[in-house]
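What follows is each chain in one-letter form.
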Amino acid sequence: MPSDADTGCPSEDIDAFFAAQERKDQLRFVICGSVDDGKSTLLGRLLYDSNTVFEDQVSAARAESRTYGTQGDAVDLALLVDGLQAEREQGITIDVAYRYFESDRRRFIAIDAPGHEQYTRNMATGASNSDIALILVDARKGILTQTRRHAYIVRLFGIHRVILAVNKMDLVGYDQDVFQSIVRNFGALAGALDLTGVTAVPLSALKGDNILVRGGSTPWYQGPTLMEVLETVPVGDGERAGAFRLPVQWVNRPNPDFRGFSGTVASGSVRRGESVVVSPSGRQTSVERILGPSGDLEEAVAGQAVTLTLADEIDVSRGDMLATAERPPELSDQLAAHVIWMDTHPMLPGRPYLVRFACASAVAQVTDLTHRIDVDTLGRFAAKSLHLNEVGYCKLSLDRPVPFDAYSANRKTGAFVLIDRFTNATVGAGIAAFALRRASNIVWQDMKIDKATRARAIGQRPCVIWMTGLSGAGKSTVADRVEQKLHRQGMHTYLLDGDNVRHGLNRDLGFTDQDRVENIRRVAEVAKLMVDAGLIVIVSFISPFRSEREMARDLLEADEFHEVFVDTPLEVCEERDPKGLYARARNGELVRFTGIDSPYEPPLAPALRIDTTAMTVDQAADEVIRLLDADPSGVAG
Amino acid sequence: MTHLDRLESESIHIFREVAAEFRKPVMLYSIGKDSSVMLHLALKAFAPGRLPFPLLHVDTTWKFREMIRFRDATAARLGLDLIVHVNREGVERGISPITHGPGLHTDVMKTEALKQALGRHGFDAAFGGARRDEEKSRAKERVLSFRDRAHRWDPRNQRPEPWSLYNTRISPGESVRVFPLSNWTELDVWQYIHREAIPVVPLYFAARRPIVERDGQLIMVDDERLPLHPGEEPEDRLVRFRTLGCYPLTGAVDSGAASVREIVLELSRSAVSERQGRAIDHDRLGSMEKKKMEGYF
């Protein structure tokens, strides 16, 4: 009988071994719990008992156990998994970590997420990438506030199957009553959250009971071991059952004869010849060829990275979605969604953020923060902003319609992230609830008199001169002089001044960051209407944040917005103090005063910078007007 | 889907995403098995089209000769656009792992050289074959790992990656390292090489090679630059390599595994991790974490 070198096994056995290895599927699960619950120990145990840990790693952990460990001379299994130096020193898990192990039936990726409240965003990240969740509970403590938080986040991120691992059973004498009472309490929570598939296992990570082997300590427990549960939970059945969705990532056009659309099937399946619809265009066609990773396929299923060619030459680009014609995705620029905030700077309603769906991007504003959800009590509270690790329910308005699905129907096409436009940080993770209106229902009133017609009638080119700077910088003085000069030239102008607008349109707004954002948003919209009416609008507002000034710029055409930075040093403004405001701010009578205890973000590339300490008001006004002259079309248009 | 199918599709997705979103991506090609798998996946991601980015090999001038032969043969066979970069300054200063030690050699000829090449060509995204199962600090790394203008990694300030929605936004001068094999394990890599019949450098397979034993490491005498200690005599020994790098810094293992099948079988029973043979990981505790913060891949 032939045999492979070194193994002594008959080669048929080896063929069987390879076949079995290649048949294994993969389960990704998030582990929720804290170090106190024995989470790292449980993970270390799974790795150690499944022979995934190598001798050199154990000996490294043994060396570290003497420095950081908590188990005396025994190897602290937790040290096998805490990755970063800071984590080992502090004995906590800070960041999401990924662990790999296998059994005879399956490969596993354990996503190790920190459990404390300040790391909720990391747990959310872990849950978003998982098939199921393992929620760890300390048998001595039972269901805690953090257990509720974990269950809620897991459910919010679309996970229905949960393993409740009741750990440290050795410390409660393997008492059946303790276990059953915890299971009962969790059952009530699961019912409230609509978590359908809960399997509870009593175990001791430290001793190894009921993890890979049953052990004799819990004769009253007849259920599966933790590994048996992990090995048998179904994977990916939800995605395969859904409607066909393929977000287009890449247009593959190597030569004039081939035009393919590449992407990963988000849900459902498609066969050659089946008809598909392209969103947003709504065009229908059918699938001509399916190129899988290893050649042509008859059918593409959820999870596969494929390239499709279509029967008709229709326009499809990155960000579009191919879908089954019977059940197309939502297409809307307005949606309701849950958002979990992931950044230290709070989410401000009205501020524009970049939003990214499966592959479509847009600019989004939160138009309405309906409520904040306390993840510990599940209570709903009114909120004006969302802070790091907070979850809120809100309405978003996008600058163009985007195809998506409700997250409850599709975890791939119903998810989005929010990105800060200036720091480029990923600031929020969103879960689409539903479209607030269908884009196909919006038909703009086709007005015969438009902006260009009005501007021609007045004989000028409308625009916004946006003057930003500290209080007392001289904005209003310069703005006033600019308006006088333009008026003398016969121009139709309007001056929007911060103080004046706050007495009327914006008198309901204060000086918190949220209110400042809303203040500027309203002014920008008003300025836009006036430009539409054909006017030259001079805006004189402190407008301290770059984001909102950029939002104003985005509302207008590129040549309609001139940002003027009235750059007077704080000391000079404070010395001038025409309204006595700086003195009051320094005395603590005024709070959130720009430049004192509220930030001012200077423009990075203003069209004009005015130094009021180096030029007269007249000179400054002339410089501003030259901006309009410099425009090739000319002020007098 | 099998676990290999799932990993394969995930990697292809990452390639397409980065190629679509970045101005000038590049693939770091280090000639090893992970690079071979990465290249194979990239070709699949864009087939029937060509790779929409070049390959970059940072040559420390101390790679095994067989690696260089394999690299050039692969580039010729597949018609690849391959850039080879050597830190000339380092060569002129005579930096070598033997006289300067693994630490300085790696800093100058690898980390420094990589930064030079990325800067010179203006690459804003670089694919690397690192896997999260390799080392503890890698287990915390993102698929798209943001680097500032100085190519530094800040482990405490990483962008969250919910779902597979990768944030591809960077400012001028900043870049990302991209790890399409993040979720692969060493065993996955070999099983995939087996399934797809991907060519790899012959050094991975057992053969009799001239070996000296130093501090418990089996070092192959690949050329005359390795000074022999008094009385030291290279001995022909049946060995193979689990990872490949600079030959004076890469330990072989005693093994008779001469085919991919035998390697897979050997690994299923192995008791030591692959990076154990890497001298640069053992400088001190957390040393990989430190190197990565300085811009190492």
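Residues numbered from 1 in each chain as written. Chains lettered and ligands numbered in written order. Predicted model: local features only at pLDDT ≥ 70, side-chain atom pairs only at ≥ 80, totals over all residues. Heavy atoms only, no water.

A. Main features of the overall build of chain B. Looking only at helices and strands, chain B features eight helices and ten strands. The dimensions of chain B, computed from C-alpha atoms along their principal axes, are 60 × 45 × 40 Å. Counting every position in chain B, which comprises 297 residues, the buried fraction comes to 63%. Of the accessible surface of chain B, which amounts to about 10700 Å², a share of 51% is contributed by carbon and sulfur atoms. (Helix = DSSP H or I, 4+ residues; strand = E, 2+ residues; numbered from the N terminus. Buried < 20%, exposed > 50% of the residue type's maximum accessible area, 1.4 Å probe, protein only. Areas by Shrake-Rupley, 256 points an atom, 1.4 Å probe, with all protein chains shown as cover.)

B. Representation of the nonpolar core. Ranked by internal contacts, the top residues of the largest apolar core, which has 73 residues, are Phe29, Leu134, Ile153, Phe157 and Phe186 of chain A. Excluding residues that lie within four positions of it along the chain, phenylalanine 186 of chain A makes contacts with Ile135, Ile143, Thr147, Ala151, Val162, Leu164, Leu195 and Val198 of chain A. Membership of the second largest hydrophobic core comes to 72 residues, among which are Phe46, Met67, Ile68 and Val264 of chain B. (Core = buried A, V, L, I, M, F, W, Y, C linked by side-chain atoms within 4.5 Å. Contact = heavy atoms within 4.5 Å.)

C. Quick peek at the pattern of salt bridges. Enumeration according to the criterion identifies 61 salt bridges over all chains in this entry. Aspartate 405 of chain A is the salt-bridge partner of arginine 245 of chain A, the closest N and O atoms lying 2.6 Å from each other. Placement of the pair is arginine 245 of chain A in strand β7 (residues 245–247) and aspartate 405 of chain A in the loop between β21 (391–404) and β22 (415–419), with a sequence separation of 160 residues. The exposure classification of arginine 245 of chain A matches that of aspartate 405 of chain A, with both residues buried. One salt bridge connects glutamate 235 of chain B with arginine 237 of chain B, and the closest N-O pair in it is separated by 3.7 Å. Taking the relative accessible area as the measure of exposure, glutamate 235 of chain B reaches 42% and is therefore partly exposed. A single network of salt bridges, built from pairs that share partners, joins Asp5, Glu8, Lys44, Arg195 and Glu196 of chain B. (Salt bridge = Lys/Arg side-chain N within 4 Å of Asp/Glu carboxyl O.)

D. Representation of the sheet that holds strand β9 (residues 235–240) of chain B in the model. Read from one edge to the other, the open sheet built from four strands follows the order β8-β7-β9-β10 (chain B), with strand pairing classed as antiparallel. Edge positions in the open sheet fall to β8 (217–220) and β10 (253–254) of chain B, since each of these has one partner strand only. (Pairing = 2+ DSSP bridges.)

E. Representation of the side chain of asparagine 519 of chain A. Within the secondary structure layout, asparagine 519 of chain A lies in helix α13 (residues 513–532). Contacts of asparagine 519 of chain A, omitting those with residues within four sequence positions, involve Arg502, Asn506, Leu509 and Phe541 of chain A.

F. Spotlight on the interface of chain B and chain A. The interface of chain B with chain A comprises 70 residues on the first partner and 88 residues on the second. When chain B packs against chain A, close to 6600 Å² is buried across both sides, 51% of that on carbon and sulfur atoms. Three residues, Lys136, Lys140 and Trp163 of chain B, lead the burial of chain B against chain A; their summed loss comes to 13% of the area buried on that side. The tally of links from chain B across to chain A stands at seven salt bridges. Between arginine 6 of chain B and aspartate 131 of chain A there is a salt bridge whose closest N-O contact spans 3.2 Å. In this assembly, chain B and chain A are joined by 35 residue pairs in polar contact (both at pLDDT 80 or more). Those elements that provide at least two residues to the side of chain B that touches chain A are α1 (3–21), α2 (33–46), α6 (186–196) and α7 (260–268) of chain B. (Buried area = accessible area lost by both parts, 1.4 Å probe. Polar contact = N/O pair within 3.5 Å; in protein donor to acceptor, adjacent residues only side chain to side chain.)

G. View of the pairing of strand β27 (residues 561–566) of chain A. All names here are of chain A. Most of β27 sits out of view: six of its six residues are buried. Side chains Phe561, Glu563 and Phe565 of β27 all project onto a buried face; the interleaved residues His562, Val564 and Val566 project onto the opposite face, where all are buried too. Here β27 runs beside strand β28 (residues 608–610); their pairing, made up of three bridges, is parallel. For phenylalanine 565, the partnering residue across the bridge sits in β28 and is arginine 609.

H. The arrangement of the confidence of the model for chain B in detail. Residue and element names in this part refer to chain B. Per-chain confidence: chain B averages 89 in pLDDT, with 91% of residues scoring 70 or above. Between residues 280–285, whose pLDDT stays under 50, and residues either more than four places distant or in other chains, the model counts 19 contacts. In the predicted complex, the global pTM is 0.80; the interface-specific ipTM is 0.91. (pLDDT = per-residue confidence, 0-100.)

I. Quick peek at the packing of α13 of chain A against helix α14 (residues 546–555) of chain A. Residues and elements named next belong to chain A. Close contact between α13 and α14 brings their axes to 9 Å; oriented N to C, the two are set at 20°. Taken together, α13 and α14 sit at an angle that is classed as roughly parallel. Crossing angle aside, the handedness with which α13 passes α14 is right-handed. Residue-level inspection shows Val517, Ile520, Arg521, Ala524, Glu525 and Lys528 of α13 in contact with α14, the latter providing Glu548, Met551, Ala552 and Leu555. (Axes fitted to C-alpha atoms, helices over the stretch in contact; angles between N-to-C directions. Parallel < 35°, antiparallel > 145°, perpendicular 65-115°, else oblique. Left-handed = near helix turned anticlockwise from the far one by under 90°.)

J. Representation of a negative patch on the surface in the model. All names here are of chain B. On the surface, Glu89, Glu92, Asp107 and Glu112 cluster together to form a negatively charged patch. Looking at the negative patch, the elements that each hand over two or more residues are α4 (88–92) and α5 (97–121). Examined against the element boundaries, glutamate 112 turns out to sit in helix α5. Taking relative accessible area as the criterion, glutamate 112 reaches 36% and is therefore assigned partly exposed. (Patch = residues over 30% accessible without salt bridge, like charges linked within 9 Å, V, L, I, M, F, W, Y side chains within 5 Å. Lys, Arg positive; Asp, Glu negative; His and termini not counted. Charge placed at Lys NZ, Arg CZ, Asp CG, Glu CD.)

K. Here's a closer look at the sheet that holds β27 of chain A. Residues and elements named next belong to chain A. Ordered in space as β25-β26-β24-β27-β28, the five strands form an open sheet in which the pairing is parallel. Each edge of the open sheet carries a strand with a single partner, namely β25 (493–497) and β28. Across the sheet, the mean angle from the axis of one strand to that of its neighbour is 20°, orientation sign disregarded. In the packing of helix α11 (residues 475–488) onto the sheet, the strands contacted are β24 (463–468), β25, β26 (536–540), β27 and β28, and the crossing angle to β26 comes to about 165°. Along the sheet, α13 makes contact with β24, β25 and β26, crossing β24 at roughly 150°.

L. Molecular detail of the side chain of lysine 24 of chain A. With respect to the helices and strands, the residue lysine 24 of chain A is situated in the loop between α1 (11–23) and β1 (25–32). Overall, the relative accessible area of 5% leaves lysine 24 of chain A in the buried class. Among the polar contacts made by the side chain of lysine 24 of chain A, one reaches the side chain of glutamate 102 of chain A at a distance of 2.6 Å. At 2.9 Å, the side chain of lysine 24 of chain A and the backbone oxygen of serine 103 of chain A are in polar contact. Look past the residues within four positions of lysine 24 of chain A in its chain and what remains in contact with it is Glu102, Ser103, Asp104, Arg105, Arg106 and Arg107 of chain A together with Thr2 and His3 of chain B.

M. Focus on the confidence of the model for chain A. Residues and elements named next belong to chain A. Confidence along chain A averages 86 in pLDDT terms, with 88% of residues attaining 70 or more. By mean pLDDT, helix α4 (residues 85–90) is the weakest element of chain A at 57, and strand β15 (residues 305–310) is the strongest at 98. Low pLDDT (under 50) marks residues 1–8, which in the prediction has 18 contacts with non-local residues, meaning those over four places away or in another chain. Below pLDDT 50 for its whole length, residues 632–637 participates in 13 contacts with residues either more than four positions away or in separate chains.

N. Structural context of unusual backbone geometry. Note the cis peptide between serine 279 of chain A and proline 280 of chain A, where omega equals 10°. Structurally, the position occupied by proline 280 of chain A is in the loop between β11 (275–279) and β12 (284–292). Following alanine 47 of chain B, the chain continues into proline 48 of chain B via a peptide bond in cis, with omega recorded as 0°. Mapped onto the secondary structure, proline 48 of chain B falls in the loop between α2 and β2 (55–58). Within the chain, aspartate 215 of chain B stands out as a residue other than glycine whose phi angle is a positive 45°. Position of aspartate 215 of chain B among the secondary structure elements: in the loop between β7 (207–214) and β8. Exposure remark for aspartate 215 of chain B: the relative accessible area of 83% places this residue in the exposed category.

O. Geometry of helix α3 (residues 65–78) of chain B. Residues and elements named next belong to chain B. Compared with the 20 Å implied by 1.5 Å per residue over 14 residues, the 20 Å span of α3 between its first and last C-alpha is a close match. Turning to α3, its buried residues are Met67, Ile68, Phe70, Arg71, Thr74 and Ala75. The buried residues of α3 all sit within an arc of 160° when viewed along its axis, so they share a single face. In α3, those exposed residues whose orientation departs by more than 90 degrees from the buried face are Arg69, Ala76 and Arg77. Residues of α3 that are buried sit in contact with α2, β2 and β3 (82–85). (Expected span 1.5 Å × (residues − 1). Arc of directions from axis to C-beta.)

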